[in-house]
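Chain by chain, the residues:
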Amino acid sequence: MLLRKPQALLLSAALLALSGKVLAHDAWIEARGAEYVVLYGHGDKSESYAPAKVKAVSAIDAKGQPLPVVKEAGAESLRVTLKGQPALATLHFDNGYWSKTTEGSKNLPKNEVPGVLSAMHSVKFGKTIFAWTAVASKPQGLQLEIVPLASSAPEAGKEITVQVLWEGKPLSGAKITRSEYSKEKPIETDAEGKARVPVVAGRQMLGTSHKHDLSNDPRADSYSVSANLVFTAR
């Protein structure tokens, strides 16, 4: 049966709503040979973005010492040179204001969009572990953060215990997903913000989010934050 255009649009919107994490964008740091690059997209499928959205990149070595970071903005992404051997790197990515209209979403605050239905401020935090040492299990001070509670490398077929922190405090009820396996049921953190997540072989990205309403902000109705933890399991 063929659907008329309005029906097709409604069906498409419903499918998008049901897909959840599949459509959620992440921002993360990935090694590319001797260089590192900030990527933005769905899981391992990256898209172009304005490099100015990258607000901060930091890295530490196996002893927890900060490494010098040199950022080089390209036309559609940002490359990073790290002086030294990083154990982990973190990212603050401000995706800006997104206003929902009858014609779709616009990357603008609601006070700049006529006929806006709703708007949110979207921020993303990324953490990539390159080497498993004691520093891997220490919080890095991100507003929203997934912290592994073991300093040893996770093994495929087992579980990794993590803790989700919001502004440094345990976040209970946070839903953790793995972007490459979006059909999996999310795992919810307990009263201490902890959860045990099955580990698969190879690269994986654990993700979570937190959202709250904004009051008296002419630019957005809500503040939406997401965070990820990227690592490779043997």
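Check the entry above for the structure.
Residues numbered from 1 in each chain as written. Predicted model: local features only at pLDDT ≥ 70, side-chain atom pairs only at ≥ 80, totals over all residues. Heavy atoms only, no water.

Here we look at unusual backbone geometry
Part 1 of the reasoning: The residue Glu-167 is not glycine, and still its phi comes out positive at about 50°.
Part 2 of the reasoning: As for its position among the elements, Glu-167 is in the loop between strand 11 (159-166) and strand 12 (169-170).
Part 3 of the reasoning: Of the residues examined, Glu-167 reaches a relative accessible area of 53% and is grouped as exposed. (Helix = DSSP H or I, 4+ residues; strand = E, 2+ residues; numbered from the N terminus. Buried < 20%, exposed > 50% of the residue type's maximum accessible area, 1.4 Å probe, protein only.)

Side note on the packing of aromatic side chains
Part 1 of the reasoning: Evaluation of the coordinates by the stated rule reveals five aromatic pairs.
Part 2 of the reasoning: With 6.2 Å between their ring centres and 70° between their planes, Tyr-40 and Tyr-49 make a pair best called edge-to-face. Across the pair, exposure class does not vary: Tyr-40 and Tyr-49 are buried alike.
Part 3 of the reasoning: Grouping aromatic residues by their ring pairs yields a cluster made of Tyr-40, Tyr-49 and Phe-93. (Phe/Tyr/Trp six-rings, centres within 6.5 Å; stacked < 30°, edge-to-face > 60°.)

Some remarks on the pattern of salt bridges
Part 1 of the reasoning: Within the structure shown, the criterion is met by 12 salt bridges.
Part 2 of the reasoning: Between Lys-110 and Asp-221 there is a salt bridge whose closest N-O contact spans 2.6 Å. Taken together, the residues span a long stretch of sequence, with Lys-110 in the loop between strand 8 (104-106) and strand 9 (118-129) and Asp-221 in the loop between strand 16 (202-213) and strand 17 (222-233) at a distance of 111 residues.
Part 3 of the reasoning: Lys-110 gets classed as partly exposed once you look at its relative accessible area, which sits at 23%. (Salt bridge = Lys/Arg side-chain N within 4 Å of Asp/Glu carboxyl O.)

So, the side chain of Glu-145
Part 1 of the reasoning: Along the polypeptide, Glu-145 turns up in strand 10 (residues 144-148).
Part 2 of the reasoning: Judged by relative accessible area, Glu-145 falls into the buried class, the value being 2%.
Part 3 of the reasoning: Within polar-contact distance, the side chain of Glu-145 engages the backbone nitrogen of Gln-140 at 2.6 Å.
Part 4 of the reasoning: Here Gly-141 takes part through its backbone nitrogen, which lies 3.3 Å from a polar atom of the side chain of Glu-145.
Part 5 of the reasoning: With residues near it in sequence (within four places) discarded, Glu-145 still touches Lys-127, Lys-138, Pro-139, Gln-140, Gln-163, Val-164, Leu-165 and Ala-227. (Polar contact = N/O pair within 3.5 Å; in protein donor to acceptor, adjacent residues only side chain to side chain. Contact = heavy atoms within 4.5 Å.)

Notes on the pairing of strand 5 (residues 69-73)
Part 1 of the reasoning: Relative to strand 6 (residues 78-82), strand 5 runs antiparallel, the two sharing five bridges. In the sheet register, Ala-73 faces strand 6, and the bridge partner there is Leu-78.
Part 2 of the reasoning: Where strand 5 folds back on strand 6, the antiparallel hairpin that results is connected by four residues. (Pairing = 2+ DSSP bridges.)

Some words on the nonpolar core
Part 1 of the reasoning: Core analysis: the largest hydrophobic core is formed by 29 residues, its most contacted members being Val-162, Leu-206 and Phe-231.
Part 2 of the reasoning: If you list the elements that add at least two residues to this core, you get strand 9, strand 10, strand 11, strand 15 (194-198) and strand 17.
Part 3 of the reasoning: Top element by residues in this core is strand 17. It accounts for six residues.
Part 4 of the reasoning: Residues in contact with Phe-231, not counting those within four places in the same chain, are Ile-129, Trp-132, Pro-154, Ile-160, Val-199, Gly-202, Arg-203, Gln-204 and Leu-206. (Core = buried A, V, L, I, M, F, W, Y, C linked by side-chain atoms within 4.5 Å.)

Some words on the environment of Val-116
Part 1 of the reasoning: As for its placement among the helices and strands, Val-116 is situated in the loop between strand 8 and strand 9.
Part 2 of the reasoning: Using a relative accessible area of 27% as the deciding quantity, one classes Val-116 as partly exposed.
Part 3 of the reasoning: Considering only alpha carbons, one finds Val-116 and Ser-99, 17 residues apart in sequence, at a separation of 6.3 Å.
Part 4 of the reasoning: If we skip the residues at most four places from it in the chain, Val-116 touches Ser-99, Lys-100, Thr-101 and Lys-110.

Some points on the environment of Ala-233
Part 1 of the reasoning: Assignment of secondary structure puts Ala-233 in strand 17.
Part 2 of the reasoning: Relative accessible area serves as the criterion here: at 6%, Ala-233 is assigned to the buried category.
Part 3 of the reasoning: When neighbours within four sequence positions are excluded, Ala-233 is seen to be in contact with Pro-154, Ala-156, Val-199, Val-200, Ala-201, Gly-202 and Gln-204.

All quantities given are derived from atomic positions and should not be read as evidence of function.
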